[in-house]
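If you want the building blocks of each chain, they are given just below.
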Amino acid sequence: MRRNALLTMLALLLFAVQAVSQTRIQSPESVFGFKMGTDRKLIDWAQIATYFNALAENSPRVQLEELGRTTLDRPMLMAIISSGETIQNLGKYRDIQQQLARPFNLKDSIAEALVQEGKLVFLITLNIHSTEIAASQESVELAFELATSESAAVKKIRENIIVLLVPSLNPDGQDMVTKWYRKDVGTEFEGSRMPMKYHYYADHDNNRDWFFFNLVESQLVAKVLYHDWYPEIVMDQHQMGSRGARFFLPPYADPVNPNVAPSLLANVNTLGKHVVSDLHDQGFTGVVTGTIFNAFFEGTMSKTPLWHNRIGILTEAASARIATPIFFPKTSLRGMGQDLPQYRQQTNFLDPWPGGWWRLRDIIELEKAATYSMLDLAATYKNKYKRNFFKLNKRAIAEGEAGSPFAYVVPVAQWDPNNAVEVLRRLRFANIDVYQAETDFETGQGRFTAGAFVVPLAQPSRAYIKDLMEVQEYPNLREYPGGPPRQPYDVTAWTLPLQFGVEVAAIEKPFDVEMILVTDPTLNPIETAPDSGWIAVERRYSHSFKFVNQLLQTDIDVFQVSAHDADLPRGTFLLPLSTDKTKVIQSAARNFEVPLGATTRPAAEDIKKVASARVAIYQPWIPYAYDEGWLRLVFDDFGYEYSVLNNEDFKSRTKLKNNFDILILGSQNTSWLVNGKSEKNSEPKLGVPKVRKEFVGGIGKVGVERIAQFLHDGGTILFFGDACNFAIEELHLPASNALKSTKRTQYFAPGSLFEMKLDSRSPLTLGLPSHVSIYKNRAIALQLQMYDREIRETGYFGSRNLLESGWAVGEDRLHEKVGLAEIPVGKGQAILYAFRPQHRGQTYGTFKLIFNALYLVQTAKI
């Protein structure tokens, strides 16, 4: 009796302490002095972080975790919100999640007990696109209500759900956009676009990184998704354009990806329609489903979890002008994509919004209402969702064990072993199990040697593995029968082996092999280098460029073979060893996983000295010009030094060649490069905010003249993608774009992978095989013209079967055309890439076509 009384007293005391703590918690409005979503009012990242820290300190229902540091070294935060009892036992519930997520030997009866005992884990991610600012403002209000409300609905959520709330997937950009906007409030610039990228590398493309994990923010949240918490439901909140529907929810538009479980998509549809019903019941209007946003492409935060048997929900709210309201007359409103061609009532758009003022607060109200609707349904059917999660994981393992395919084998002995290992590292971010064979083994597809990596398909994320490793076959969808191709939501191909230029074998049937689990795939090259003399590093290893760049920056001499011989391929890097340099070189080789081979002293006439070129990258004041950002990421990763040039630099620097050897122009058409706007761009109307004059325009006619002079003075310019049109039209190079005037019915390749053959005689192709897979999403194919100097057709298309993955209409228009050309101009050289060689930092197989252009090769003195 005394023990029971003591327990009762302790429970009452705990309740009293929690009650006192709850009373200390201030609402965001009382802390910041205005309601979230108030016109022209925003809180920045430091304020958001401070509020979440205070909430966690004062509420036993909230635990705050710093997931890590962002690209620009801000804290990346996640709040865990549930009942006080659940928060005290998070370890137990996380263990339950892990058992259900990876049920290799889990019996159904034990799984059912775990389903009953566990909590549903619901991840809410906000503000990945920083100009879509509402969700970051909503975060503090939503967290406060979930932690403090004593309503029956919120209590039900806390008792059944562990909410993981990420206030911003891009804190750097949230802070940038907020401060940019606040300084302009009350001026003619209020609500104008910020000319800088809101993610240091990716801008809007940071939501295309969720299978590749180039960005540190993606990597941090991947740990939550696939290693620690395994949430059954993921909700990612966005904003869209302003002139159409007010709010988008699933069901998603066509097409359907065949690797995603139908029952999972059915649950997505049910959840989305439930929210639509709730929103209508609450009086919201303008809600649309089933248009524009599809779930075929793997790579976005909200959709990629589908391939891991999670419910992935994207919401999109119509935007205000950051925090400035906009008025919409009814006749200003427009349809939204192929499935809502006109702004009028139809089955997927039951109650159109009538127009009027649209404010930041309206967005927050919609987002919160949708969030609570989903949380309520998830709490009601907690067991159903958890049970289905377990069953899908179990079924995926069984399907993998049955074969077709049974496993993927990645041999180490291939053209670029570094890239082979890099493929596996990308899989490991998503917690895909990778093994390494300890013995040679036989399969139905051939014999493989010890050391080869094996990725079995008998894993919960079988759909994810299969989707990344196989060829994509996008359906031939048309706007109407016989009409033009229907524009996909994003790209149509992402096959990892093709992007990396790696050979991977799909093994159809089970096989026997002794192998070990590898948590961190690495390449352990055999080191045969002596302590003195000369060593060789083969250029086919992609990390050889990291290795060489580090040595050049420490003033170690690097040479390359100038002609192919029996022992050393042309372009092989050579280094003379000396007592004081040997350890530095060997350490770098181990770090970058490149093999060192001993070689004899070369003759001076057989080698050239390698030096780093002075590289400049053009950065326009257009944040969604993505190429330069992804290129900077690649250069930073591989250790290249570079400068960034803006519009003013082309006007103020009369002789670019005095400072630079190489200039790189990312994929932008002529009008964008020269004028900073499209050819169809009209003059701004009244009511549209002005942009500061220093951020308006492009390089201008003066810039064109300076670029032409740079070439004639001996500079090299790399033109990526659409910039080829600029080179042809403004610099009058002897080439034409064979696809310049084609219609979509004649040629269309919306992000697909094609085979391109290479001329092995070119210095650009050193270290590369005879052909590569290139990424194309623009209508560019080069036809070269007669010239008074030799032009090199370095990359060219064959006459059949060019498409390797994705979708293409009119592939024959590429036949016998040029994809990569080297054109001498004055003392310099123009290099035209009719594709994106660094697309989203993913196309490792074509990086060398850039890297090989970034060195100065000089006569050797040895």
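As shown above, the structure is provided for reference.
Residues numbered from 1 in each chain as written. Predicted model: local features only at pLDDT ≥ 70, side-chain atom pairs only at ≥ 80, totals over all residues. Heavy atoms only, no water.

Draft legend 1. Representation of the sheet that holds strand β16 (residues 505-507). Pairing in this open sheet of 5 strands is antiparallel, and the strands run β16-β11-β15-β12-β17 from one edge to the other. Of all strands in the sheet, those with a lone pairing partner are β16 and β17 (515-518), marking the two edges. In this sheet, neighbouring strand axes are inclined to one another by 30° on average, regardless of whether the strands run parallel or antiparallel. Sheet topology note: the strand β12 (residues 434-437)/strand β15 (residues 453-456) ladder contains 2 bridges and is antiparallel. (Pairing = 2+ DSSP bridges. Helix = DSSP H or I, 4+ residues; strand = E, 2+ residues; numbered from the N terminus. Axes fitted to C-alpha atoms, helices over the stretch in contact; angles between N-to-C directions.)

Draft legend 2. Summary view of the environment of V558. Following the sequence through the fold, V558 ends up in strand β19 (residues 558-561). Among the residues examined, V558 registers a relative accessible area of 0% and is labelled buried. In sequence terms V558 and V121 are 437 residues apart; their C-alpha atoms lie 54 Å from each other. Excluding anything up to four places from it in sequence, V558 contacts V548, L551, L552, F573, L574, L575, K609 and V610. (Buried < 20%, exposed > 50% of the residue type's maximum accessible area, 1.4 Å probe, protein only. Contact = heavy atoms within 4.5 Å.)

Draft legend 3. Up close: the pairing of strand β8 (residues 311-318). Burial analysis of β8 places 8 of its 8 residues in the buried class, the great majority of the element. Here β8 shows a buried face lined by I311, I313, T315 and A317 and a second buried face lined by G312, L314, E316 and A318. In terms of strand pairing, strand β5 (residues 233-240) meets β8 through 8 bridges, oriented parallel. Looking at β8, one finds that H238 is bridged to E316. Two strands pair when backbone bridges link them, and strand β6 (residues 247-249) and β8 are joined in this way by 2 bridges, in the antiparallel orientation. Residue pairing across strands places F248 opposite E316, the latter belonging to β8.

Draft legend 4. Just helix α17 (residues 543-552), in detail. Burial analysis of α17 places 9 of its 10 residues in the buried class, the great majority of the element. Of the residues making up α17, those classed as buried are H543, S544, F545, K546, F547, V548, N549, L551 and L552.

Draft legend 5. Spatial organisation of the nonpolar core. Formed by 222 residues in total, the largest nonpolar core has its most connected members in F122, L165, F547, F635, Y833 and F851. For this core, the leading source of residues is helix α12 (residues 360-380), giving 12 residues. Residues Y618, L665, L711 and V825 belong to the second largest nonpolar core, which totals 35 residues. (Core = buried A, V, L, I, M, F, W, Y, C linked by side-chain atoms within 4.5 Å.)

Draft legend 6. How the structure looks around the packing of α17 against helix α18 (residues 582-592). Contact geometry for α17 and α18: axes closest at 9 Å, N-to-C directions at 150°. Handedness of the crossing formed by α17 with α18: right-handed. Residue-level inspection shows H543, K546, F547, Q550 and L551 of α17 in contact with α18, the latter providing V584, I585, A588, A589 and F592. Of the residues assigned to the contact of α17 with α18, the class counts are 7 nonpolar, 2 polar and 1 charged. (Left-handed = near helix turned anticlockwise from the far one by under 90°. Nonpolar A, V, L, I, M, F, W, Y, C, P; charged D, E, K, R; others polar.)

Draft legend 7. Representation of the pairing of strand β33 (residues 818-825). In terms of burial, β33 is largely enclosed, as 8 of its 8 residues are buried. Inspection of the sheet shows strand β31 (residues 792-796) paired to β33 by 4 bridges, in the antiparallel sense. Bridge pairing in β33 places G795 opposite L820. As paired elements, β33 and strand β34 (residues 828-833) share 6 bridges and run antiparallel to each other. Considered in β34, the bridge of I823 is made with A830. Connecting β33 to the antiparallel partner β34 that follows it, the hairpin turn spans 2 residues, and G826 within it adopts a positive phi of roughly 55°.

Draft legend 8. Region of interest: the side chain of D175. When you line up the elements, D175 lands in helix α9 (residues 171-184). Separated by 2.8 Å, the side chains of D175 and K179 make a polar contact. Among residues more than four places away in sequence, those in contact with D175 are D44, W45, A46 and R74. (Polar contact = N/O pair within 3.5 Å; in protein donor to acceptor, adjacent residues only side chain to side chain.)

Draft legend 9. Here's a closer look at the sheet that holds strand β18 (residues 533-537). Strand order across the open sheet formed by 6 strands is β21-β18-β20-β19-β22-β35, with antiparallel pairing between neighbours. Two strands lie at the open edges of the sheet, namely β21 (597-599) and β35 (855-859), each paired on one side alone. Adjacent strand axes in the sheet meet at a mean angle of 40° when their direction is disregarded. Strand direction decides the pairing type here: strand β22 (residues 607-612) and β35, joined by 5 bridges, are antiparallel. The partner of S612 across the bridge, within β35, is Y855. In the packing of α17 onto the sheet, contacts are made with β18, β19, β20 (573-577), β22 and β35, and the angle to β20 comes to roughly 45°.

Draft legend 10. Fine view of the pattern of salt bridges. Counted under the stated rule, the structure contains 52 salt bridges. Measuring nitrogen to oxygen at the nearest pair gives 3.6 Å for the salt bridge that ties E117 to K92. Here K92 lies in helix α5 (residues 90-101) and E117 lies in helix α6 (residues 108-117), a separation of 25 residues in the sequence. For K92, a relative accessible area of 34% translates into the label partly exposed. A salt bridge links K609 to D557, with the shortest nitrogen-to-oxygen separation between them at 3.4 Å. With K609 in strand β22 and D557 in the loop between α17 and β19, this residue pair connects regions lying 52 residues apart in the sequence. It is possible to trace a salt-bridge network through shared partners that takes in E141, E145, R361, E365 and K368. (Salt bridge = Lys/Arg side-chain N within 4 Å of Asp/Glu carboxyl O.)

Draft legend 11. Just α5, in detail. For α5, built from 12 residues, the straight-helix expectation of 16 Å at 1.5 Å per residue is met to within 8% by its first-to-last C-alpha distance of 16 Å. Those residues of α5 that fall on the buried side of the exposure criterion are L90, Y93, I96, Q97, L100 and A101. Within α5, the buried residues cover an arc of 130° as seen down the axis, which keeps them to one side. (Expected span 1.5 Å × (residues − 1). Arc of directions from axis to C-beta.)

Draft legend 12. Layout of a negative patch on the surface. Taken together, D565, D567, E605 and D606 make up a surface patch of like negative charges. In this fold, E605 is placed in the loop between β21 and β22. (Patch = residues over 30% accessible without salt bridge, like charges linked within 9 Å, V, L, I, M, F, W, Y side chains within 5 Å. Areas by Shrake-Rupley, 256 points an atom, 1.4 Å probe, with all protein chains shown as cover. Lys, Arg positive; Asp, Glu negative; His and termini not counted. Charge placed at Lys NZ, Arg CZ, Asp CG, Glu CD.)

Draft legend 13. Looking closely at the environment of L663. Summarising the element assignment, L663 is placed in strand β25 (residues 662-665). Residue classification places L663 among the buried positions, given a relative accessible area of 2%. Sequence spacing of L663 and G715 is 52 residues, and the spatial spacing of their C-alpha atoms is 7.6 Å. Beyond its immediate sequence surroundings of up to four residues, L663 is in contact with A616, Y618, L645, F650, I707, F710, T716, I717 and L718.

Draft legend 14. Here's a closer look at the side chain of T315. The residue T315 is located in strand β8 in this model. Not counting residues up to four positions away in its chain, the partners in contact with T315 are M235, D236, Q237, H238, F247, F248, L249 and M374.

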